[in-house]
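Residues per chain, in single letters:
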Amino acid sequence: MQCKPSRHKAFAPDPDAPQQCCDHPDCDRPAGYRAPRGRDNLRSYYWFCLEHVRQYNASWDYYRGMTPGQIERHLREDTSWQRPSWKMGTPGNDSARASFKLDDLHDPLDILNRHRRPSRATETRRQAPPALREPLAQLDLEWPTTLEIIKTRYRVLARRYHPDANRDDPRAEERFKVIGTAYATLRDHFANSTEQATAGAG
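Just so it is clear, the structure is predicted and the values come from calculations on it, not from any experiment.

Scoring rules and cut-offs
Residues numbered from 1 in each chain as written. Predicted model: local features only at pLDDT ≥ 70, side-chain atom pairs only at ≥ 80, totals over all residues. Heavy atoms only, no water. Helix = DSSP H or I, 4+ residues; strand = E, 2+ residues; numbered from the N terminus. Buried < 20%, exposed > 50% of the residue type's maximum accessible area, 1.4 Å probe, protein only. Contact = heavy atoms within 4.5 Å. Areas by Shrake-Rupley, 256 points an atom, 1.4 Å probe, with all protein chains shown as cover. Phe/Tyr/Trp six-rings, centres within 6.5 Å; stacked < 30°, edge-to-face > 60°. Lys NZ or Arg CZ within 6 Å of the ring centre and 35° of its normal. Pairing = 2+ DSSP bridges. Disulfide = S-S within 2.5 Å. Salt bridge = Lys/Arg side-chain N within 4 Å of Asp/Glu carboxyl O.

*Asks:* Describe in detail the overall build of the protein, supporting the description with residues and values.
*Replies:* Along its length, the protein carries eight helices and two strands. For the protein, the sequential pattern of α-helices and β-strands runs β-β-α-α-α-α-α-α-α-α. Among the 202 residues that make up the protein, the fraction classed as buried is 22%. For the protein, long-range pairs separated by at least 24 residues make up 30% of all intrachain contacts whose partners lie at least 6 apart in sequence. For the protein, the computed accessible surface area is about 15,600 Å², with 52% contributed by carbon and sulfur atoms.

*Asks:* How would you explain the packing of aromatic side chains if you had to name every residue and give the values?
*Replies:* Scanning all chains against the criterion turns up seven aromatic pairs. Both rings, one in W143 and one in F190, keep their centres 6.4 Å apart while their planes meet at 55°; by these two values the pair is tilted. Here W143 is found in the loop between helix 6 (130–139) and helix 7 (147–161), whereas its partner F190 is found in helix 8 (residues 171–201), with 47 residues between them in sequence. Across the pair, exposure class does not vary: W143 and F190 are buried alike. With a centroid separation of 4.2 Å and an interplanar angle of 15°, the aromatic rings of Y154 and Y183 are classed as stacked. Of this pair, Y154 sits in helix 7 while Y183 sits in helix 8, and the two are 29 residues apart along the sequence. You can call Y154 partly exposed: its relative accessible area is 21%. On the basis of relative accessibility, which here comes to 12%, the residue Y183 falls in the buried class. Put simply, the rings of Y46, F48, Y56 and W60 touch in pairs and so form one group of aromatic residues. Over the ring of Y45 we find R34, and its NZ or CZ is 4.7 Å from the ring centre. Positioned over the ring face of Y161 is R175, at 5.5 Å from the centre of the ring.

*Asks:* Kindly report on the pairing of strand 2 (residues 41–48), identifying the contributing residues and their values.
*Replies:* Here five bridges tie strand 1 (residues 33–38) to strand 2, and the two strands are oriented antiparallel to one another. Its bridge partner lying in strand 2, P36 is registered against Y45. Hairpin connection between strand 1 and strand 2: a loop of two residues separates the two successive antiparallel strands.

*Asks:* Which residues make up the environment of P15, and what values go with them?
*Replies:* Tracing the sequence through the fold places P15 in the segment before strand 1. According to the relative accessible area criterion, P15 is exposed, its value standing at 66%.

*Asks:* Account for the state of the cysteines, with residues named and values stated.
*Replies:* By definition, a disulfide links the sulfur atoms of two cysteine residues through a covalent bond. Taken as a whole, this structure holds zero disulfides when the rule is applied. Cysteine C21 remains unbridged, with the sulfur of C27 as its closest cysteine sulfur at 7.7 Å. C21 gets classed as partly exposed once you look at its relative accessible area, which sits at 42%. The thiol of C22 is not disulfide-bonded; the next cysteine sulfur, from C27, is found 3.9 Å away.

*Asks:* So what's going on with the pattern of salt bridges? Residues and values would help.
*Replies:* Per the stated rule, a full pass over the model turns up nine salt bridges. Among the ionic pairs, R76 bridges to E72, the shortest N-O distance being 3.2 Å. Taken together, the residues span about one helical turn, with R76 and E72 both in helix 2 (residues 68–78) at a distance of four residues. Given the relative accessible area of 57%, R76 is considered exposed. Between D164 and R167 there is a salt bridge, with its nearest N and O atoms 3.9 Å apart. Its relative accessible area of 51% is what places D164 among the exposed residues.

Structural data, given as structure tokens:
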């Protein structure tokens, strides 16, 4: 029977700490805790004992020495992980825009092509009741249609986008919900139409 490796306990010394004394002046205790030397040198460390690393961290200010404008700019850059970004519709620099093609985008749901090139389904959906056009588009169905076709299409898409089958795709769950809402709207429409037809025949 194998024992599980023990977890690294909170406040335990860093196992990779060098065999040296604390960097705090006049402290000769073992150094087991690291702290960055500065904002521009985050991968270079001081090594302290527990008491002095706590003191150092308590007084640490990442933005020390920066003006309010520099702090604001830094915070804005953090929203894009310090990477360059552009306004929608302007991908990169001029050379990138010149060679950019919409077909280069990853579009697994064919949303972009759906708007660029109206399909037969898009044309027929324009004849559907206004409340049903978007649900039909979400299921990519033509109009007119039947409840049986709607159920079959829903089962196909529900299996494809079920969160359990797409654990690595955070968008799958939202897509799954959209499909479910569209299906419910279409199903209710046909159920109500059937009830009205039955009542009229009676």
